[in-house]
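Fold and geometry: a report
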Amino acid sequence: MSSTQTHVGKLRAVARKIVALLARRPNLRQTEIASALGEYDSTVMRALPIVESMGVRLSEDDKGRMSVAE
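Everything in this summary refers to the structure shown in the same document. (Residues numbered from 1 in each chain as written. Predicted model: local features only at pLDDT ≥ 70, side-chain atom pairs only at ≥ 80, totals over all residues. Heavy atoms only, no water.)

The next thing to look at is the environment of A69. Turning to its location among the elements, A69 is positioned in the segment after β2 (66-68). Judged by its relative accessible area of 22%, A69 falls in the partly exposed class. Placed 13 residues apart in sequence, A69 and V56 show a C-alpha to C-alpha distance of 7.7 Å. What A69 contacts, discounting residues up to four positions off in sequence, is R57, L58 and S59. (Helix = DSSP H or I, 4+ residues; strand = E, 2+ residues; numbered from the N terminus. Buried < 20%, exposed > 50% of the residue type's maximum accessible area, 1.4 Å probe, protein only. Contact = heavy atoms within 4.5 Å.)

Turning next to unusual backbone geometry. A positive phi angle, close to 65 degrees, is found at N27, a residue other than glycine. Checked against the element boundaries, N27 lands in the loop between α1 (3-24) and α2 (30-37).

The final tally for this structure, using the stated rule, is two salt bridges. Put simply, K10 and E39 hold a salt bridge, and the shortest N to O gap is 3.0 Å. One end of the pair, K10, is in helix α1; the other, E39, is in the loop between α2 and α3 (41-53), and 29 residues separate them in sequence. Among the residues examined, K10 registers a relative accessible area of 40% and is labelled partly exposed. Judged by its relative accessible area of 17%, E39 is buried. The residue D61 makes a salt bridge to R65 at a minimum N-O spacing of 2.7 Å. Owing to a relative accessible area of 26%, D61 belongs among the partly exposed residues under this scheme. Overall, R65 belongs to the partly exposed group, its relative accessible area being 28%. (Salt bridge = Lys/Arg side-chain N within 4 Å of Asp/Glu carboxyl O.)

In this model α3 runs 19 Å from its N-terminal to its C-terminal C-alpha over 13 residues, within 8% of the 18 Å that 1.5 Å per residue would give. At A47, α3 shows its strongest bend, of approximately 30 degrees, with the proline P49 following within four residues. Phi turns positive, to about 90 degrees, at G55, one or two residues after α3. (Expected span 1.5 Å × (residues − 1). Bend = angle between axes of the 7 residues up to and from the residue.)

Another point: the nonpolar core. Ranked by size, the top nonpolar core spans 18 residues in total, and within it I18, L22, I33, V51 and L58 carry the most contacts. Sorting the residues of this core by element identifies α1, α2 and α3 as the ones contributing at least two each. Tallying contributions element by element places α1 first for this core, with seven residues. For L58, the contacting residues outside a window of four places in its chain are L22, L48, V51, E52, M66, S67, V68 and A69. (Core = buried A, V, L, I, M, F, W, Y, C linked by side-chain atoms within 4.5 Å.)

So far we have only geometry, and geometry alone does not tell us how the molecule works.
Next up, the structure:
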């Protein structure tokens, strides 16, 4: 497996963790998500588009808090 495939696989895993976390604890900022998952902010930022490509819509309020959209 190439390093690119490994990187994408990690981002997919992080994306799944983000969805699970926000389902349990909505209204978290990106930094709070990263801290809760033990990931870097930049990793969470790169995983967010993957969350949406999985068909999960996220909403973000004016203070940057994210939740799974209904």
